[in-house]
Amino acid sequence: MNTQIDSNYRPDALIVGGGIAGLQSALDLADQGLQVLVVERQSSIGGHMIALSKVYPTLDCASCITTPKMSAAAHHPNMQILTNTEVEAIESRDGAHQVRLLQKPTYVNFDKCIGCRLCEYACDTEYPDPFEEGLGAVRAIAVPFTNAIPQKAVLDAGHCGTCGTCARVCPTGAIEFDQQPRHLTIRTDAVIVASGFQLNALTVKPQFNAHRSRNIIAPITLERLLAPHGPYGRVLRPSDGKMPSSIAFVQCAGSRDESIGVPYCSRVCCMYSIKQAMLLSGALPLADITIYYMDIRAFGKGYEQFYQNAKAMGINFVRGKVARIHPVDGGDLAVQVESTENAETPMELRRHDLVVLAQGMIPGWMPADSTPVACASDGFVATPALTAPTATTAPGIFVAGTAAGPKDIVDTIAEAGAAAMQASQYLYQKRSALVAV
Amino acid sequence: MSYQNDHQGQHEDEPVELECGEPGRDEEAYVRKQIELARRQADLSPSAAIAAQQHQEDSASLRIGVYICRCGGNISDVVDVERVAETVRLIPGVATAKVHTFVCSDPGQHTISDDILRENLDRVVVASCTPFLHEQTFRGAVARGGMNPYLYEHVNIREQVSWAHRHDPAGATSKAIRMISAAIGKLRHVAPLDQIKLPNHRRALVIGGGIAGLKAASDLAGRGIKVLLVEISDKLGGHLNQWGRVYPSERAAEELVADLVNAVGHNPNIEVLLSSKVKAVSGFIGNFKVAVESQPAANGAMQKLNATVGAIIMATGFRPYIPQDGEFLYRTEPSVLTMPEFVQLMRSVSHHATSLVYKDKNVRNIAFLHCVGSRQLDGVHEPSTDGRLNSYCSRTCCTTILQQALAVRTRFPQIGVFDFNQDIRAYGRGEEDYYAQASRAGVVFFRYNGEEPPRVEITPAGRAKDGALSITVKDALTWGQELTLGVDMLVLGTGMIPGRIQDLIEQMKLAIGEDGFLQEVHPKLRPVEVAVSGVLLAGTAQGPMNIQETLAAAGAAAVKAASMFATESVELNPYVAAVDLTRCTGEAQCVTQCDYEGALQIVQMEVDGELVERAQVNAGLCAGCGACVAVCPHRAIDLNGWRIDQFEAMVDGIAADIPGRECSSELVSIH
């Protein structure tokens, strides 16, 4: 627990969320000489991006792009980071904000922890690793993942057997079983909401039967399977560890569907599915890979070429909506497709041994409940200003990235810069006005 | 050597005063002072050479740290990194060699800075990915350990080794070892270098007065930074001046333009030059010198203006694609319109009109065709006159078509609307709604395969009941049935093509991508920067974007400029040419060869009491290309940080007898 930050600390700006949007906004403010506090509810900054394998359209490894930004944030003289901390409420008055924070106990004193991992090595309780989407195991006390920031051990109270081994091996006496949640109120002039997204459930469409087969997986699970430092170091299907030979990607499995309350496009699924298909065809050269889609939305810079390359690599693109998925013998799956391409078999059953459902993006946080920030009908933060796409309904509070709707990394980073620009202008004008008075 | 002391003395006795906040009244004097300062900073050669020699003498006692990255498995799946570490540890001077999963991660960087302190390292090698990604990262880590960041060498064992020699692990391992050995060789010959500090001129030039330029200008001015905004036409607002309503807000484009123009017009920090063109750009980050020509009235006199700016924002925008003559019967049949022409037509129709009349004919049905001039395929589409095929998606046409199709059905419900697409890319916030609404409003969709775009023909006389134009499509939604439709009007969903800025591209040495648009350094790490420091990209100069994305991109460019202006001075890489005055004879072969105007010149100076001519480097303008080094007959000029002796040491390092076990393969044999 970072005890150095208390209510006397008064940053120029507070960033809600330490994912790629929040980090980019924070860096763009701190580089202008402004003091910035980043608040992250997970145990490490880096957001969803740090868990990805590679990113389109350059196929750079995601770690290689994310870690330098994380590291730059961690070392920036103008920046402070609070992890394991949630924003409970924001109260705004006269354009200044009081942000109420809840620092959750980690049962490790961060001022004392040196990240040596002796506690992790000594702990004998394991549970499915959330960073690996449950595919590997992690100790009840552990540094969250290899390139996590901060490199501090965190104890998971839900899985800890309270045997006390960690406290005995810790060379600095950092383990504090009696840690309590800590409330903290930070006063600041500007806030950027970069609270990101979450994915809707795999089971959101009952006709896909995701609850009946472990071989119907989330795209993020496939990211971990494809990551060179992932749980198995190769792609194996979850039910029996078999190397899959026929993989189906089902597009719009949680988006563009009024029946599940997500009528909008999630904007990234086409491209990451194409990317995953390409990486799979490298990892499993003999596998058949099929993408079932309604429209391929390869709209960004270099994306259409990426799509054409995937077609040339032999990835099958089938224009058709998947109607149903049924588990069949041997752990395989029967995928029923309404194909628009073949008049003789308009309703076709195809067998695959691994199915990836392109889940939809939904908001990661609903600020409207506890802050002056309003949300639009899609649930994401409303941005009503015609010429300031990052301005919210609350003066002095801005929004960046997927908190304001689905977006890919490139567009998120641009928007994070724009939010930082908007916030620094706001601060400059507020202070110029003060000087003038 | 006497000149060295003279040189030092000059530094202290005659401080160069510079005002960096405001543009000086006398721009010329300002630039002269900057060049003088740069000259003094760059003229490092003698001291650098001596220092290097000193270091070479000490090299027996060097303590080198080598850090080898697994890059997850990107490297270690091919290269035996443990073997590499074990081998390079045996090379004299190597104090430690370690392997890390991600050296670029925080723990990885910590290891380096900790080792420098604990193990007394005085040289560092990191063998990882391309220096393009992480050279700066590791320089930072080395500096945090208290070492001069230029006593560090970066070795690329990912792109150049593990990815290139995927099927030859033994050869790749051997190559990695030898490349590290080369870096170690170089490190025996390096001297500490310092970044070149130059004054920062706190004013930005924004080229282009469309919404990207307006937004970037008002953002910077709102932050207290002065802006010179240059627009080639006589009006601010760009393409949006000719547009109707914008999606997804459905507000009038004029309203949006007026918002931005007001923000710019009312800000005293912004100087706007209309009907003006940037004619010349020289200089470098913090200190660009630009010449602008203005012709305010059609017959007015040409006015010239010179200005010095610290950053340049390229907001030069796009051009709408103009179909070739006959492409889908464009310019052959008057009832074939581009989207901008159709928007004009819709704007010209009275709000009370109950029918759409075009060229005195009542329009009964309209077809919209997607991807005209976009997503073009080799062998399917005709390249344009410049030989270019636009293989990219223009990002905005799908939703524009849906918006216009819906508008037609809403205002004129009697008009039949047909949409011919290969995909509907209504990806943005609020855009899918247009698709749903257009479907509900009775727009009929047809889908073609990219390889077989619809054919447009003139309907044979006598069969023109449904319309003068016949569109034939193999419709994928009805399992490939070939259908022919007659329509009165065809609207081409034309995309975006790069603006005509060839002169600026050449002058400023900007890179363009395969698509012809300006190319950023890296889409995620440095998305609005180009290879030329201090030049930033805003909006559709970089590639197709919609309005919201353009405004965000302009903000992102502005924030980079604002960060740049946060410091009093700009810092440049010290990899610039340096002249050895003891060898230079002033023959000026280097000056002739130099591609960067002003980077090298012949000046008169006193050496050992004699007035002689010698070459002199302007550090700000020198790009460190090394062209001068190759032509100097006296080896009197060299590049700081990339000297010939350093290259020789690298070659020696590659060819050296590597201690330890033999490691080679049939595919790669370096002996």
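Description of the structure in this document. Residue positions are given per chain, counting from 1 as you read along its sequence in written order. Starting at A for chains and at 1 for ligands, labels are handed out in the order in which the entities are written. Two thresholds apply to this predicted model, a pLDDT of at least 70 for residue-level local features and 80 or more for giving and counting side-chain atom pairs, whereas whole-chain, interface and lining totals are computed over all residues.

**Considerations on the overall build of chain A**
Under the DSSP-based scheme used, a helix requires at least four consecutive residues in state H or I and a strand at least two consecutive residues in state E, with every element numbered from the N terminus. For chain A, the helix and strand inventory stands at eight helices and 23 strands. Both definitions apply: the radius of gyration is a C-alpha atom measure, and the globule rule equals 2.2 Å times residues to the power 0.38. Here the C-alpha radius of gyration of chain A, 23 Å, is about what a compact globule of 437 residues would show, namely 22 Å. Relative to its full complement of 437 residues, chain A shows a buried share of 56%. Whether a residue is buried, exposed or partly exposed follows from its count of other C-beta atoms within 10 Å of its own C-beta, namely 20 or more, 12 or fewer, or something in between, respectively; the C-beta atoms are built from the backbone.

**Some details on the interface of chain B and chain A**
Contacts are defined on C-beta atoms placed from the backbone: any two residues whose C-beta positions lie within 7 Å are in contact. Chain B puts 61 residues into the contact, and the matching count from chain A is 61 residues. Counting residues per element, the ones that place at least two in the side of chain B that touches chain A are helix 5 (106-118), helix 6 (131-144), helix 9 (211-222), helix 10 (253-265), helix 13 (432-440) and helix 15 (547-564) of chain B. Only Asp, Glu, Lys and Arg are considered charged in this grouping, and only Ala, Val, Leu, Ile, Met, Phe, Trp, Tyr, Cys and Pro are considered nonpolar; every other residue, Gly among them, is considered polar. Along the lines of polarity and charge, the residues of the side of chain B that touches chain A split into 28 nonpolar, 16 polar and 17 charged.

**Side note on the sheet that holds strand 22 (residues 455-458) of chain B**
Residues and elements named next belong to chain B. Taking strand neighbours across the sheet as the criterion, the three strands line up as 22-23-24 in an open arrangement whose pairing is antiparallel. Where the open sheet ends on each side, the last strands, each with one partner, are strand 22 and strand 24 (481-487). Averaged over all neighbouring strand pairs, the angle between strand axes comes to 25 degrees, with direction disregarded. Strand pairing is defined by DSSP finding a minimum of two bridges between the two strands. The axes used here are C-alpha line fits, helices contributing only the stretch in contact, and every angle between their N-to-C directions lies in the interval 0 to 180 degrees.

**Here's the deal with the sheet that holds strand 13 (residues 190-193) of chain A**
All names here are of chain A. Reading across the sheet, the five strands line up as 5-2-1-13-23 and stay open at both edges, with parallel pairing between neighbours. On the outer flanks of this sheet lie strand 5 (79-82) and strand 23 (397-399), each paired with one strand and no other. Shown here is a sheet whose adjacent strand axes are inclined to one another by a mean of 20 degrees, direction ignored. Here strand 1 (residues 13-16) pairs with strand 13 via four bridges, running parallel.

**A look at the pairing of strand 23 (residues 469-475) of chain B**
Residues and elements named next belong to chain B. As defined by bridge partners, strand 22 adjoins strand 23 across four bridges and the pair is classed as antiparallel. Residue pairing for strand 23: V456 is matched across the bridge by I471. Of the strand pairs in this sheet, strand 23 and strand 24 are connected by seven bridges, and their pairing is antiparallel. Residue pairing for strand 24: T472 is matched across the bridge by T484. Here strand 23 hands over to strand 24 after five residues, with W479 in that stretch at a positive phi of 55 degrees.

**Some thoughts on the packing of helix 4 (residues 81-88) of chain B against helix 8 (residues 169-187) of chain B**
Residue and element names in this part refer to chain B. Following both chains from N to C, one finds helix 4 and helix 8 inclined at 40 degrees, their axes separated by 10 Å at the closest point. You can see that helix 4 and helix 8 cross each other, and the crossing is right-handed. Taking contact as the criterion, the partners of R83, V84, T87 and V88 in helix 4 are, on helix 8, T173, A176, I177, I180 and S181. Across the contact of helix 4 with helix 8, the residue classes break down as five nonpolar, three polar and one charged. Rotating anticlockwise by less than a right angle from the far helix to the near helix defines a left-handed crossing, while the corresponding clockwise rotation defines a right-handed one.

**A few points about the environment of I471(B)**
All names here are of chain B. Of note, I471 is situated in strand 23. For the pair I471 and F420, spaced 51 residues apart in the sequence, the C-alpha separation amounts to 9.6 Å. Beyond its immediate chain neighbours, meaning those up to four positions away, I471 contacts A367, F420, P454, V456, T484, L485, V487 and L490.

**Examining the packing of helix 1 (residues 20-30) of chain A against helix 2 (residues 62-75) of chain A**
All names here are of chain A. Two elements in contact, helix 1 and helix 2, have axes whose closest approach is 10 Å; the angle formed by their N-to-C orientations is 50 degrees. Between helix 1 and helix 2, the interaxial angle falls into the category oblique. Where helix 1 crosses over helix 2, the two elements pack in a sense that is left-handed. In contact with I20, L23, Q24, A26 and L27 of helix 1, helix 2 contributes T66, K69, M70, A72 and A73. Broken down by class, the residue content of the contact of helix 1 with helix 2 amounts to seven nonpolar, two polar and one charged. Working rule for angles: under 35 degrees goes down as roughly parallel, over 145 as roughly antiparallel, 65 to 115 as roughly perpendicular, anything else as oblique.

**Let's talk about helix 1 of chain A**
Since the α-helix advances by 3.6 residues per turn, residues separated by three or four positions end up pointing in the same direction. Counting buried positions over the 11 residues of helix 1 of chain A gives 11, a clear majority of the element. All of the buried residues along helix 1 of chain A are I20(A), A21(A), G22(A), L23(A), Q24(A), S25(A), A26(A), L27(A), D28(A), L29(A) and A30(A).

**Concerning the pairing of strand 6 (residues 203-207) of chain B**
Residues and elements named next belong to chain B. Strand 6 sits mainly inside the fold: five of its five residues count as buried. As judged from the five bridges shared by strand 6 and strand 7 (residues 226-230), these two strands associate in the parallel manner. Bridged to R203 within strand 7 is K226. For the handedness criterion, the strands are oriented away from the viewer, and a crossover whose path from the first strand over the helix to the second runs clockwise is classed as right-handed. In this view, the connection linking strand 6 to its parallel neighbour strand 7 by way of helix 9 has right-handed handedness.

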